[in-house]
Structure formats: structure tokens, C-alpha cells
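# Overview (structure and organization)
Below are the chains, spelled out letter by letter.
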Amino acid sequence: MLTRLKAKSEGKLAKQICKVVLDHFEKQYSKELGDAWNTVREILTSPSCWQYAVLLNRFNYPFELEKDLHLKGYHTLFQGSLPNYPKSMKCYLSRTPGRIPSERHQIGNLKKYYLLNAASLLPVLALELRDGEKVLDLCAAPGGKSIALLQCACPGYLHCNEYDSLRLKWLRQTLESFIPQPLINVIKVSELDGRKMGDTQPEMFDKVLVDAPCSNDRSWLFSSDSQKASCRISQRRNLPLLQIELLRSAIKALRPGGILVYSTCTLSKAENQDVISEILNSHSNIMPMDIKGIARTCSHNFTFAPTGQECGLLVIPDKGKAWGPMYVAKLKKSWSTGKW
């Protein structure tokens, strides 16, 4: 019975793959990833292979769930492998596909866990947030990375910004679902154009996360409207310019000596390595930070593709490690002035 249901479900999902998008990705990623694209394509087009990590909420800790996860064979992510891994953040994953049910939003009740792609924690960990620091999450919706940041440390001030009004509602609800009232008081939520943040709050933040709008390969592959998908593809070439403008704004908002992390959930070199190269080439006050150590210590949980950059990592979906796509780059702002 379960096999029949699974097959039926997989059949439905297979029909939803958008051929326009898949053909476009085929041309681009077969060149950029080479042979690795065959496995990546297989994982991305097979939701039954997808895995979901379970991030526990330290503000309403689910002790019983944690025991249950242990019994089901889940293991903790990162702990013991990353030297600066925050002890307060607990994330569990299983090596087999599947997911536990999501919790419903209930006003006044904090959720106990958050389901996510485990690779999306890499930008958060790269930021290395410390208690008391001022941090900006420039493109914060739906809020998963903001939630993860607050599992790592208690910032002195967290500014969560989201320009899209519908996504902003989602962000507010996520924060309300996971964060207790006393901590909510150190969080500001805004609906500003991220490209203007640097001018309104210059050199305000110790750490800035730019989880930029991008091609979002997983969701684009399942676009139900092929006409809208074609429109997205034609407008895709404009995304790097937006991403560069967001980064330039983030650099202005970052104090000298501060850390900037850039991330996307696309495999696209134009939106990843090329964007970072442009920033490094045009800002003499921005330095790349070597994060290859993360790839070395996390290779048992993630598959990384070469990026040609010491400051950049690219997680690609693989069999048994169906995480990503996720690109992460880490930069530091020096005390010298930069060219714009």
C-alpha cells in the first residue's frame, strides 16, 4: 500500500517538472558542473530523494522529540567537526529521505523545531555571530536564517529586512513562532529596499548576511506556469546586477572590521562566483576570507563542487547527501576606503 502511494506521489511530482526550466538548466549547468550535473539533476527532479534537517528551538526545547530523533537514527549536524560551532544550536538529520510533519503556527505558543535544508545553516555558521553584536539580515524572509542566528547567540540588535510585502508577513510570523517576547525586543523588522540600507544605516553593523534573491533552482524546476517560468528565465540575467547592488549596500552598512556573508540557493556561476569576483575587483576595502576549512570538516555531510575561490563554497545535491544548492561566500571589510 505504502509503495503504491509513494509511486503515485512520485508520478504526480514528475508531471510537475517544468520542461522549460529543466532545458535551460541543462544547457547551463552541464557546462558549469560537468559530469556532476547528471547526479544533481537526478536529485533536484526527484523530491522523494530530498532530505530535511530538524533545527531545534532552544527557546522551547523539545526534549521528547530529541529522544525520538535519536531512536529513529537521526544524528547531529556539525557538532564536533567545526571548531567554532555554537553549542546552543542543535540540528538533527537523517541519511534517508523524508521529513517529520511541520508544526502549525499558534499565537502565543513557540514552535519546537524548524525544518530546513541543512546547507542553509552554512551561511549562518560562516557569520560566526557572537553575543551582543549588531547584525543585519538584509533579505530575511521567510526567516529561517534569522531563527538559526538566534540559536547561535543573543545579538545586541538584530535587524531583519524584507522588501517584498507578502514575504514580510511570512517573516513576522516565523519570528513570532520561534522567539520569546524578551528577545523580540532586540529585533527590528523592516520593509526597506535593501539597496538603500547602506545609505540609511552606514557602518551600523558588526555582521551582515545577504541571502540574496536568486534563481532558486529547486522551486523553479517545479514552476506550474510555463509562461511565467519562461519570463523568469528571460529576466534571470538581471539578477546579478541586483545581487551586486545589495552587496554594495551591505558593505556600506557594515562597520570597518566587520564580516559579510553572501549566499544563494542557485548553482549559477553568474549569481555566485561572478558576483563575488565583481565585488572584490571593485572594492579595495573588501577582503576574501578563507572558508575551505568548512568544506574539509563537513564533507561527510555535504558534497562540495569546486568554486575556484578560497572565500566561496558551493554545496551540490548528491545521493545520500541531498542538500543544496547553496553558495556561501565570506568577506571582511578593512579599515581602508574602497572604490565604488
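Because the structure is predicted, anything quoted here is derived from the model rather than measured.

### Focus on the confidence of the model for the protein
Taken over all residues, the pLDDT of the protein has a mean of 92, while the share at 70 or more is 94%. In the model, residues 1-14 has pLDDT below 50 throughout and makes 3 contacts with residues more than four positions away in sequence or in other chains.

### What about the pairing of strand S1 (residues 53-56)?
Burial along S1 is two-sided: the residues Ala53 and Leu55 and Val54 and Leu56 are all buried. Alignment of S1 against strand S3 (residues 91-93), held across 2 bridges, turns out to be antiparallel. Following the sheet pairing, Leu55 is matched in S3 by Cys91.

### Details of the nonpolar core
Of all hydrophobic cores here, the largest spans 52 residues; its most connected members are Leu55, Phe78, Leu121 and Phe302. Among the elements that line this core, the one with the most residues is helix H5 (residues 121-127), at 6 residues. Setting aside chain neighbours within four positions, we find Leu55 in contact with Met89, Lys90, Cys91, Lys112, Tyr113, Tyr114, Leu116, Leu121, Ile147, Ala148 and Gln151. Core analysis: the second largest hydrophobic core is formed by 47 residues, Leu22, Ala212, Ala250 and Ala253 among them.

### Side note on unusual backbone geometry
Peptide bonds are, in most cases, trans, and in most cases residues other than glycine have a negative phi. Of note, the amide linkage connecting Ala141 to Pro142 takes the cis form, showing an omega dihedral of 5 degrees. Here Pro142 lies in the loop between strand S5 (134-137) and helix H6 (144-152). The peptide bond linking Gly324 to Pro325 adopts the cis configuration, its omega dihedral lying at 0 degrees. Position of Pro325 relative to the elements: it lies in the loop between strand S12 (312-315) and strand S13 (326-333). Positive phi, normally seen in glycine, also occurs at Glu128, with a value near 50 degrees. Inspection of the secondary structure assignment puts Glu128 in the loop between H5 and S5. Take Glu128: its relative accessible area is 25%, and that puts it in the partly exposed class. Here Asn216, not a glycine, exhibits a phi torsion of approximately 45 degrees, which is positive. With respect to the helices and strands, Asn216 occurs in the loop between strand S8 (205-211) and helix H10 (217-220). A relative accessible area of 29% places Asn216 in the partly exposed class.

### Examining the sheet that holds S3
With antiparallel pairing, 4 strands are arranged side by side in an open sheet as S2-S3-S1-S4. In this open sheet, the two strands that pair with only one neighbour each are strand S2 (75-76) and strand S4 (113-116). The sheet contact formed by S1 and S4 spans 4 bridges and is antiparallel. Its bridge partner being in S4, Val54 is matched across the sheet by Leu115. Each of S1, S3 and S4 touches helix H4 (residues 63-71); the most contacted strand, S1, lies at about 150 degrees to it.

### Description of the UniProt feature "active site" (unreviewed entry) in the protein
In the UniProt entry, the feature "active site" (unreviewed entry) is given for Cys265. By the secondary structure assignment, Cys265 is in the loop between strand S9 (254-264) and helix H13 (273-282). Sequence-distant contacts of Cys265, defined by excluding residues within four places in its chain, comprise Cys214, Asn216, Asp217, Pro325 and Met326.

### Section: the UniProt feature "binding site: S-adenosyl-L-methionine" (unreviewed entry) in the protein
UniProt records the feature "binding site: S-adenosyl-L-methionine" (unreviewed entry) for Cys139, Ala140, Ala141, Pro142, Gly143, Gly144, Lys145, Glu162, Asp193 and Asp211 in the present numbering. Among the secondary structure elements, Cys139 is positioned in the loop between S5 and H6. For Cys139, a relative accessible area of 12% gives the class buried. Relative to the elements of secondary structure, Glu162 occurs in the loop between strand S6 (157-161) and helix H7 (165-178). Relative accessible area serves as the criterion here: at 7%, Glu162 is assigned to the buried category.

### Here we look at the packing of helix H2 (residues 19-33) against helix H3 (residues 36-44)
Direction vectors running N to C along H2 and H3 enclose 145 degrees, while the axes themselves pass 8 Å from each other. Pair H2 / H3 crosses with right-handed handedness. Between H2, through Leu22, Phe25, Glu26, Tyr29, Ser30 and Leu33, and H3, the contact on the second element is made entirely by Ala36, Trp37, Val40 and Arg41. Residue composition of the contact of H2 with H3, grouped by class: 7 nonpolar, 1 polar and 2 charged.

Scoring rules and cut-offs
Residues numbered from 1 in each chain as written. Predicted model: local features only at pLDDT ≥ 70, side-chain atom pairs only at ≥ 80, totals over all residues. Heavy atoms only, no water. pLDDT = per-residue confidence, 0-100. Contact = heavy atoms within 4.5 Å. Buried < 20%, exposed > 50% of the residue type's maximum accessible area, 1.4 Å probe, protein only. Helix = DSSP H or I, 4+ residues; strand = E, 2+ residues; numbered from the N terminus. Pairing = 2+ DSSP bridges. Core = buried A, V, L, I, M, F, W, Y, C linked by side-chain atoms within 4.5 Å. Axes fitted to C-alpha atoms, helices over the stretch in contact; angles between N-to-C directions. UniProt positions renumbered as here; feature names shortened; annotations may be inferred. Left-handed = near helix turned anticlockwise from the far one by under 90°. Nonpolar A, V, L, I, M, F, W, Y, C, P; charged D, E, K, R; others polar.

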